Amino acid sequence: MKDRTALLFKGVLVAAAVLSILGFLHFSPLFSQARPAAPEAAAHVGVAVQEPLAAGASPTLPPTRPPATATSTPTPTSPPPTPTAVALPAAGPAHALSLGNGSVFDMVQEREQVGRISGWRPTPTPVPTPVSQPPARIMAPSVGLDAPVVPMYWKKVTRGNKVSLQWTVPRNEAGWHFNSALPGQVGNTVLSGHRNIYTEVFRDLDDLKVGDEIALIAGQERYVYHVDEIHVLQEAGVSESVRRQNAQWIAPTDDVRLTLVTCWPYEAPGNTHRLIVVARP
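Below or above, wherever it landed, is the structure these notes cover.

Re the sheet that holds strand β8 (residues 221-234)
In step 1: One closed barrel accounts for 8 strands, arranged β1-β2-β5-β6-β9-β10-β8-β7; its pairing is mixed. Within this sheet the neighbouring strands show an average axis-to-axis angle of 35 degrees, counted without direction.

Shown next as structure tokens:
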């Protein structure tokens, strides 16, 4: 009986010892580290996955983002420049304009734009007056006159002991006195022509009436005049002073005019008088 009780007591001691060893192994940090959860499970429960630490390593905390700091706006060292108005230049030639790096062309356009509001208008560029040329043709529609014109000169004529200058009138054209004014210019433009000999260029000149139109063609220009005066002056059998007075009709003048000269009357004896026709623009 005593032997059986002692054997049972030893069995209890052995069982207690085994349970003690198993408990020690279960709670010891060296032998009871839990296996890490599977990534899927960790993600499911919202837990960060961390690799197991090596033996003797100390755990490290995950890096933390530094707190955001407000960025201060830089303070300007000097106030921004204040725009200033630029005065437009006074009206004048375009070549006199300039504005820093601006274009003269742009400046002219700006001035014209302002002018549309303020009433300013750009100064017109003067157009050069074309240089006139000697007349090449004369036309008077009311009497059917349409004839060429050529320059006319004078020659020396001796009568007794006197030497005078006499105009040489062309036979088949009207003659422009070379020392008279060019068409359109200030002065007396003088043309002479035969009336009853050769081609009778000025045959019907005495049929002109005040107000009739006479035109001269010079180069590419057409100069229009209208009859203003008609005079018949005696030339034969008069004194030298009268002849000189008659010649004043072909002298230079300070206005613009056209003077036509021919003989009168057409019938014989003819050529006793001078027919003078004065036309003005």
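A closer look at the nonpolar core
In step 1: Of all hydrophobic cores here, the largest spans 25 residues; its most connected members are I138, L145, L191, I214 and L260.
In step 2: Sorting the residues of this core by element identifies β1 (137-140), β2 (145-152), β5 (174-177), β7 (213-218), β8, β9 (256-264) and β10 (273-280) as the ones contributing at least two each.
In step 3: Apart from residues lying up to four places away in sequence, I214 is in contact with I138, M139, A140, L208, Y223, V224, Y225, V227, L258, L260, V277 and A279.
In step 4: Core analysis: the second largest hydrophobic core is formed by 5 residues, V190, L233, V261 and I276 among them.

Re the pairing of strand β6 (residues 187-192)
In step 1: A large share of β6 lies buried, amounting to 6 of its 6 residues.
In step 2: Relative to β6, β5 runs antiparallel, the two being bridged by 2 bridges. If you follow G175 over to β6, its bridge partner there is S192.
In step 3: Of the strand pairs in this sheet, β6 and β9 are connected by 6 bridges, and their pairing is parallel. The residue of β9 that forms the bridge with L191 is L260.

Digging into the packing of aromatic side chains
In step 1: All told, the structure shown has 4 aromatic pairs when counted by the stated rule.
In step 2: On the basis of an interplanar angle of 65 degrees and a centroid distance of 5.3 Å, the ring pair of W154 and F178 is categorised as edge-to-face. In this pair, W154 is assigned in strand β3 (residues 154-159) and F178 in the loop between β5 and β6, connecting sequence segments 24 residues apart.
In step 3: Note on W154: relative accessible area 38%, which makes it partly exposed.
In step 4: A residue is classified by how much of its surface remains accessible, and F178, at 32% relative accessible area, is partly exposed.
In step 5: An aromatic cluster is present here, built from Y153, W154, W167 and F178 joined pairwise through their rings.

Details of the pattern of salt bridges
In step 1: Scanning all chains against the criterion turns up 9 salt bridges.
In step 2: Taking the shortest distance from any N to any O, the salt bridge between D206 and R195 comes out at 2.4 Å. On the criterion of sequence distance, the pair formed by D206 in the loop between β6 and β7 and R195 in the loop between β6 and β7 is long-range, its members being 11 residues apart.
In step 3: The buried category is assigned to R195, whose relative accessible area is 3%.
In step 4: R203 is the partner of E200 in a salt bridge, and the nearest nitrogen-oxygen pair spans 3.2 Å.
In step 5: Residue classification places R203 among the partly exposed positions, given a relative accessible area of 39%.
In step 6: If you follow the salt bridges from partner to partner, you end up with D228, E229, D255, R257 and R280 in one network.

Basis of the calculations
- Residues numbered from 1 in each chain as written.
- Predicted model: local features only at pLDDT ≥ 70, side-chain atom pairs only at ≥ 80, totals over all residues.
- Heavy atoms only, no water.
- Pairing = 2+ DSSP bridges.
- Helix = DSSP H or I, 4+ residues; strand = E, 2+ residues; numbered from the N terminus.
- Axes fitted to C-alpha atoms, helices over the stretch in contact; angles between N-to-C directions.
- Core = buried A, V, L, I, M, F, W, Y, C linked by side-chain atoms within 4.5 Å.
- Buried < 20%, exposed > 50% of the residue type's maximum accessible area, 1.4 Å probe, protein only.
- Contact = heavy atoms within 4.5 Å.
- Phe/Tyr/Trp six-rings, centres within 6.5 Å; stacked < 30°, edge-to-face > 60°.
- Salt bridge = Lys/Arg side-chain N within 4 Å of Asp/Glu carboxyl O.

Scope: geometric values only; no functional claims are made or implied.
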